[in-house]
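Report on the structure
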Amino acid sequence: DEQSDHLGVFCDIESQMVLKESVDVILQGGGGHAKVVIDALMRSGCRVLGIFDPRFISGELMGIPFKGTYDASLFANAKCILAIGNNEQRRSAVVH
């Protein structure tokens, strides 16, 4: 289910961090909730490589570049975290 999928990503990130491995992460969603997620990830030692949000095709948030619409070929080995605060929009992103 959706919740266990997200939990699996966080558990995987946590296990790599315990081993002192750096974790590459991308975000989907570039609004206010993304700021909180970026802050937590960066404080945890993760490298946030990019933010996918179709509303933003250029620029950056907290030093992280916007990449526009999600493209699976970019950062193919990075973990992906949904940083969308709105429940309906988050559900829609997971379904698609």
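An account of the accompanying structure is given in this report. Note that this is a predicted model, so its numbers are computed, not measured. (Residues numbered from 1 in each chain as written. Predicted model: local features only at pLDDT ≥ 70, side-chain atom pairs only at ≥ 80, totals over all residues. Heavy atoms only, no water.)

Description of the pattern of salt bridges
Considering all chains together, one arrives at 3 salt bridges under this definition. Here Arg43 ties to Asp39 by a salt bridge, and the two come within 3.0 Å at their closest N and O atoms. With Arg43 and Asp39 both in helix H2 (residues 32-43), this residue pair falls 4 residues apart, about one helical turn. The class for Arg43 is exposed, based on a relative accessible area of 70%. Under the relative-accessibility criterion, Asp39 is labelled partly exposed at 33%. (Salt bridge = Lys/Arg side-chain N within 4 Å of Asp/Glu carboxyl O. Helix = DSSP H or I, 4+ residues; strand = E, 2+ residues; numbered from the N terminus. Buried < 20%, exposed > 50% of the residue type's maximum accessible area, 1.4 Å probe, protein only.)

Observations regarding the packing of aromatic side chains
Within the structure shown, the criterion is met by 3 aromatic pairs. Relative to Tyr70, the ring of Phe52 has its centre 5.2 Å away and its plane inclined at 75°; by these criteria the two rings are edge-to-face. Here Tyr70 lies in the loop between strand E4 (64-65) and strand E5 (79-82) and Phe52 lies in strand E2 (residues 47-52), a separation of 18 residues in the sequence. Residue classification places Phe52 among the buried residues on the basis of a relative accessible area of 3%. Aromatic side chains Phe52 and Phe75 sit 6.4 Å apart centroid to centroid with 70° between the ring planes, which places their arrangement in the edge-to-face category. Of this pair, Phe52 sits in strand E2 while Phe75 sits in the loop between E4 and E5, and the two are 23 residues apart along the sequence. Among the residues examined, Phe75 registers a relative accessible area of 28% and is labelled partly exposed. Site record: aromatic cluster; members linked through ring pairs are Phe52, Tyr70 and Phe75. (Phe/Tyr/Trp six-rings, centres within 6.5 Å; stacked < 30°, edge-to-face > 60°.)

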